Amino acid sequence: MNYVETKEKKITSKVVHELDSLFKPKSIAIIGASSKELSIGNVILKNLVHYGYTGKIYPINPKEPEVRCVKAYPTIFDVPGEIDLAHVIIPSKFVPQIIEDCGKKGIKSVIINSAGFSEMGEEGMALQKAFLAKAKEYGVRIFGPNCQGIINSDPDLRAYCDFTFTFPEPGAISIVALSGGVGAIIMQSMFDLDIGMRMYASNGNACDISISEVVKYYGEDEGTKAIILYTEGFYNPREFMKVAKEVAKKKPILAMKAGRTEAGAKAAASHTGSLAGVDIATELIFEKTGILAFNNEEEMCQIAMAFATQPIPKGNRVGIITNTGGPAVIATDELVSAGLQLPALSERAKKILKETMLPEASIGNPIDVVATAGGKHFRSALDVLMDEETIDSIYINFVTAPFTDVDDVAKNIIEVNKMKRKPIVCNFMTNMSLDRFKVTAKILKDGSIPCYSFPTTAAKALGALYKYHKVRSRNIGEAKVFTDVNKTKAETILKESGVGSSEANLPTPNSQLPTSSFLSSGQVYNLLSAYKIPIANWRIADRAYDVAKAVKEIGFPVVLKADAESLVHKSDLGGVVVNLKNMDEVLTAVEKFQNNFQLKDLKFFIQKFLPGGRELIAGVSAQRDLEPLIMFGIGGIYVEVLKDVVFKIAPVTEVEVKEMLSSIKAAKILDGARGEKGIHKESVIEIIQRLSQLVMDFPQIEEMDLNPIMAFEDKVLVVDARIKIKNQ
Ligand code: ADP
Ligand code: MG
């Protein structure tokens, strides 16, 4: 199957890109080419020749006049012509010198296949630094080290600069994988699916040319219709986000990242920190930039098939054509859960179908053409759906009923597909061991119909095409900047707190614990107030003696909370007493705290009691090399049991915050359920946006929990908050 659309569509761009020397080399030197059959230096040469590389190959070997019947040269300086790209397959200790030589020879890119660098500890790291310095000096770009290499299947080039064993046909999908092993699995899977491939890159230690750069390059490559990405993390997530956002608007990026288990989640004092885990950031990067994320490599490859061949739908309305009942039911379930709809057909459509279908056919959406339907019946159903204004895509269940001319059905499907009006996916049900059905399958494949063996997979593929439509048309806008905040006041609070500064963290002689990196309650609430985040009326009484005055100022009923540095989850320790209706009750609670918490720094936090609100949580968790994560969800003391929270990368825009509110499991509760009134969502949305601005202004904030935020129909107020500052 050949998915390269037309001859003219191949790379014609006149602009020379820095990475062209890597992906479109006119000449390649293999430094370390070897006659030894089982060696990388041999396999790379063999692969280049076998794949039909159209450029010049220069094996470099000081001892052999030729390697695998190709004239060899003792050094790169003996090569008569220019060299675009060099493979380096020599022991790591010689690499710095070789990179210098490459620089002197004017080689623009080098793939270092050799291992023995940063992955091997300090000594290797030193070698990596040494060759990188040489590369910078001479302007040589490095791919790797400890990597496979690249492949470009462009029929005019056929560059197989890699030591693996899968030789893909030209196609429209380009792959970039940090891990060569996973990259090879993906490439093999695409090969088995007969999808074809455009370019491949697996960059190992990625010390110079990064995944981001490759994604950007693929983004600009006309022959690449979709990108598959596999990574295990990002060296520079900010750079990646910038690139991915731009590229994902132009072409779909399907991605997968391994290492999602909870096992790696770091322990953290706050709810937000522990709920965030270690890996959530990558998922959020994918989401924020519009990358389609997958958990399953097989599914990702299967779905890539639809992206390689089909246009992107303009909306979520799907029409189903089926010649068998059950699979249509399964498909409908999956399509609907992917956000697609099955609109009713127009009167006009029904009229045409009544005239053209078999009498047993069921006319609606799905259109059940029945098993005896032939090519002309399928054709009419397809034409009708293509003409329906309320249909954006077509899903087909096609079982090869032995009593029909199934090849004619297939031919009619591909005829319609050729017009590329709306995307088509097909769940093709057959017995592939029978030659007659192999013919049918080939007709469909050659006609670029993405065929699947299960209705769910076919439906998922269509769901992914629709998701990409949403990605392309989504506009999250810019994060709002509130001008009524008092940044100077917030700065002063943080500075005067001394929290996070090196002196503040030295253990004091009289305390068993090192000084905390948490702000005190007073500092927390003043900081939130500076950013106009609404808080339930509060006072702090330093001594029991001052409690009564504070209570009077607030007015009954009140809540009393024990306030001390060591009390993190107060209610777990009996440090929160709610609904105190008179002074007697208050004083009893004060006494209880004094007896229970024999703490030198015990203070009394008095707050208005706000019964009947819905308890929400908002929080922040700082990230290394990335903006902080903002969390929102159902709060209260059971937050970690319910785990109904969602995250986004700051700064969050209003659109994103609204998405957060509607994407928690209990979203309906916010609107009011079972006779309860809904909450004042606008206030919650504003609080989260203000929180986002606060943490963007003060990157020293490491973790923050507003839990709970009490949400009512007419107002929303924070009643408990905790802020941890990074140690500097
Ligand atoms: P902690 O999280 O340290 O245990 P909180 O201040 O969050 O302490 O209080 C625990 C619970 O007490 C809250 O989840 C909420 O149910 C209740 N609560 C606390 N303050 C108030 C208040 N002002 N009005 C009503 N209920 C409150
Ligand atoms: Mg709390």
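This is a predicted model, so every value here is computed, not measured.

1. Concerning the overall build of the protein
Step number 1: Each helix and strand in the protein was counted, giving 24 helices and 29 strands.
Step number 2: Classification of the 728 residues of the protein by burial places 56% in the buried group.
Step number 3: Sequence separation of at least 24 residues holds for 72% of the intrachain contacts in the protein that already meet a minimum separation of 6.
Step number 4: Roughly 31,900 Å² of accessible area belongs to the protein as shown, and the carbon and sulfur atoms make up 54% of that amount.

2. Considerations on the nonpolar core
Soluble, globular proteins show a tendency: their nonpolar side chains are buried together.
Step number 1: Ranked by size, the top nonpolar core spans 59 residues in total, and within it Phe23, Phe143, Val176, Val215, Tyr218, Leu229 and Phe240 carry the most contacts.
Step number 2: Broken down by element, the residue count for this core peaks at 6 residues, all from helix α7 (residues 237–250).
Step number 3: Non-local contacts of phenylalanine 240, meaning those with residues more than four positions away in its chain, are made with Ile211, Ser212, Val215, Leu229, Phe234, Ile285, Phe286 and Ile291.
Step number 4: Core analysis: the second largest hydrophobic core is formed by 52 residues, Met660, Leu691, Ile709 and Ala711 among them.

3. Examining the coordination of the magnesium ion (ligand 2)
Step number 1: Protein coordination at the magnesium ion (ligand 2) comes from Asn707 (O) and Asp720 (OD), with a distance range of 2.2 Å. Of the two residues, asparagine 707 sits in strand β27 (residues 701–711) while aspartate 720 sits in the loop between β28 (716–718) and β29 (721–725), which places them 13 residues apart along the sequence.
Step number 2: Note on asparagine 707: relative accessible area 8%, which makes it buried.

4. Looking at the site of ligand 1
Step number 1: Every one of the 18 residues lining ligand 1 counts as a neighbour, but Lys561, Lys570, Ser571, Lys608 and Glu615 are closest to it.
Step number 2: Between ligand 1 and the protein, one listed contact pairs an oxygen atom with a side-chain N or O atom of lysine 561 at 2.6 Å.
Step number 3: Contact between ligand 1 and serine 571: an oxygen atom at 2.5 Å from a side-chain N or O atom of the residue.

5. Some points on helix α20 (residues 583–596)
An α-helical segment advances 3.6 residues per turn. Residues three or four places apart therefore align on the same side.
Step number 1: Across its 14 residues, α20 extends 20 Å between first and last C-alpha, which sits within 8% of the 20 Å expected from 1.5 Å per residue.
Step number 2: Residues Val586, Ala589, Val590 and Phe593 constitute the buried set of α20. The buried residues of α20 occupy an angular sector of 105 degrees when the element is viewed end-on, so they sit on one face. Set apart from the buried face of α20 by more than 90 degrees, the exposed residues are Asp584, Thr588, Glu591 and Asn595.

6. A look at the confidence of the model for the protein
Step number 1: Scored by pLDDT, the protein comes out at a mean of 92, with 93% of its residues at no less than 70.
Step number 2: Long-range and interchain partners of residues 261–269, a stretch whose pLDDT sits below 50, account for 11 contacts in this model, where long-range means more than four residues apart.
Step number 3: Predicted confidence is poor over residues 504–514, with pLDDT under 50, and the contacts of this stretch with residues over four places away or in other chains come to 12 contacts.

7. Some details on the pattern of salt bridges
Step number 1: Considering all chains together, one arrives at 34 salt bridges under this definition.
Step number 2: A salt bridge links aspartate 154 to arginine 198; the nearest nitrogen and oxygen atoms lie 3.8 Å apart. Here the residue aspartate 154 occupies a position in the loop between β8 (149–152) and β9 (159–161), and arginine 198 occupies one in the loop between α5 (180–192) and β11 (199–202), the gap between them amounting to 44 residues.
Step number 3: Using a relative accessible area of 7% as the deciding quantity, one classes aspartate 154 as buried.
Step number 4: Residue arginine 198 is classed as buried on the basis of its relative accessible area of 4%.
Step number 5: The partner of glutamate 686 in a salt bridge is arginine 690, and the shortest N-O contact between them spans 2.9 Å.

8. Observations regarding the sheet that holds strand β19 (residues 451–452)
Step number 1: An order of β16-β15-β17-β18-β19 is seen for the 5 strands of this open sheet, with the pairing classed as parallel. The open sheet has two edge strands with one neighbour each: β16 (367–368) and β19.
Step number 2: Bridge count between strand β17 (residues 393–399) and strand β18 (residues 424–429): 6 bridges; the pairing is parallel. The residue bridging isoleucine 394 from the neighbouring strand is isoleucine 424, located in β18.
Step number 3: Set on the sheet, helix α15 (residues 435–446) makes contact with β17, β18 and β19; between it and β18 the angle comes to about 170 degrees.

9. Some details on a nonpolar patch on the surface
Step number 1: Where nonpolar side chains cluster on the molecular surface, the patch consists of Ile637, Tyr638, Val641 and Leu642 and spans about 460 Å² of accessible area.
Step number 2: Relative to the helices and strands, isoleucine 637 resides in the loop between β25 (626–634) and α21 (639–642).
Step number 3: Among the residues examined, isoleucine 637 registers a relative accessible area of 59% and is labelled exposed.

Conventions and cut-offs
Residues numbered from 1 in each chain as written. Chains lettered and ligands numbered in written order. Predicted model: local features only at pLDDT ≥ 70, side-chain atom pairs only at ≥ 80, totals over all residues. Heavy atoms only, no water. Helix = DSSP H or I, 4+ residues; strand = E, 2+ residues; numbered from the N terminus. Buried < 20%, exposed > 50% of the residue type's maximum accessible area, 1.4 Å probe, protein only. Contact = heavy atoms within 4.5 Å. Areas by Shrake-Rupley, 256 points an atom, 1.4 Å probe, with all protein chains shown as cover. Core = buried A, V, L, I, M, F, W, Y, C linked by side-chain atoms within 4.5 Å. Donors = N, O, S within 2.8 Å, 3.2 Å for Na, K, Ca; no water. Near = heavy atom within 4 Å. Polar contact = N/O pair within 3.5 Å; in protein donor to acceptor, adjacent residues only side chain to side chain. Expected span 1.5 Å × (residues − 1). Arc of directions from axis to C-beta. pLDDT = per-residue confidence, 0-100. Salt bridge = Lys/Arg side-chain N within 4 Å of Asp/Glu carboxyl O. Pairing = 2+ DSSP bridges. Axes fitted to C-alpha atoms, helices over the stretch in contact; angles between N-to-C directions. Patch = residues over 30% accessible without salt bridge, like charges linked within 9 Å, V, L, I, M, F, W, Y side chains within 5 Å.

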